[in-house]
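As a plain string of letters, each chain reads:
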Amino acid sequence: KHAAAFWGRGRRVVGLPAHVPRARRAELVDWLVARIVAKRPGATESDESLFARASALADRYVDGVRPSSIRWVTNQGKRWGSCSTQTGEIRLSHRLRGVPEWVLDATIVHELAHLVHADHSRAFHAIADRHPRQREALVFLEGYSLGLQTSG
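Scope of this entry: the structure provided in the associated data block. Treat the numbers as computed from the prediction; the structure is a model and nothing was measured.

**Considering the packing of helix H2 (residues 47–61) against helix H3 (residues 101–114)**
One way to put it is that H2 packs onto H3 with a least axis distance of 10 Å and a crossing angle of 70°. Classified by the angle between their axes, H2 and H3 sit roughly perpendicular to one another. Across from Leu50, Arg53, Ala54, Leu57, Ala58 and Tyr61 in H2, the residues of H3 making contact are Glu101, Leu104, Asp105, Ile108, Val109 and Leu112. When grouped by side-chain class, the residues that make up the contact of H2 with H3 number 9 nonpolar, no polar and 3 charged.

**Digging into the sheet that holds strand E3 (residues 69–73)**
A sheet is described by the order of its strands in space; here 3 strands give the open sequence E3-E5-E4, paired in mixed fashion. The sheet is open, and its two edges are formed by E3 and strand E4 (81–84), each paired on a single side. Across the sheet, the mean angle from the axis of one strand to that of its neighbour is 20°, orientation sign disregarded. Of the pairings in the sheet, the one linking E4 to strand E5 (residues 89–93) comprises 4 bridges and is antiparallel in character. Each bridged residue has a counterpart across the sheet, and for Ser84 the counterpart in E5 is Glu89. Along the sheet, H3 makes contact with E3, E4 and E5, crossing E5 at roughly 150°.

**What about the nonpolar core?**
Among the nonpolar cores identified, the biggest contains 26 residues, and Ile70, Leu92, Leu96, Leu104, Ile108 and Leu112 are the most heavily contacted of them. Mapped by element, the contributors of at least two residues to this core are H2, E3, E5, H3, helix H4 (122–128) and helix H5 (134–151). Setting aside residues up to four positions removed in sequence, Leu112 forms contacts with Ala54, Leu57, Ala58, Val62, Val65, Pro67 and Ile90. Membership of the second largest hydrophobic core comes to 6 residues, among which are Trp7, Leu28, Leu32 and Ile36.

What counts and how
- Residues numbered from 1 in each chain as written.
- Predicted model: local features only at pLDDT ≥ 70, side-chain atom pairs only at ≥ 80, totals over all residues.
- Heavy atoms only, no water.
- Axes fitted to C-alpha atoms, helices over the stretch in contact; angles between N-to-C directions.
- Helix = DSSP H or I, 4+ residues; strand = E, 2+ residues; numbered from the N terminus.
- Parallel < 35°, antiparallel > 145°, perpendicular 65-115°, else oblique.
- Contact = heavy atoms within 4.5 Å.
- Nonpolar A, V, L, I, M, F, W, Y, C, P; charged D, E, K, R; others polar.
- Pairing = 2+ DSSP bridges.
- Core = buried A, V, L, I, M, F, W, Y, C linked by side-chain atoms within 4.5 Å.
- Buried < 20%, exposed > 50% of the residue type's maximum accessible area, 1.4 Å probe, protein only.

Next comes the structure, spelled out in structure tokens:
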């Protein structure tokens, strides 16, 4: 009966009732999408832009190491990110789409550091901690996680 737009599994979902005239549909969809994107601006970042972001962060903090790919995933309920050292793939939880950019950047640097050291050794932390807000991001994510648990 009503037009609606929402986020579903990391994607924008728009529903229009059948009675909306065809000539008005594109305008209505654009308006609905703009409304939900305004509420979660970081949620539209594509995997391609994540790769560009990771590359810039790697050049700045992790000696230019590159992942083979970096993408958003919806199947990580307990971890913020993961890295396969065998394939070089980095996956980021879709739950990070709503965090401040510096938190996302610190998380990406953390995963990039795993491409150099697979463990959480001192050598690993020496690289990950090159991001100036790494420890602050961990504190933020602890609190953010608690908020997600109580709201969901």
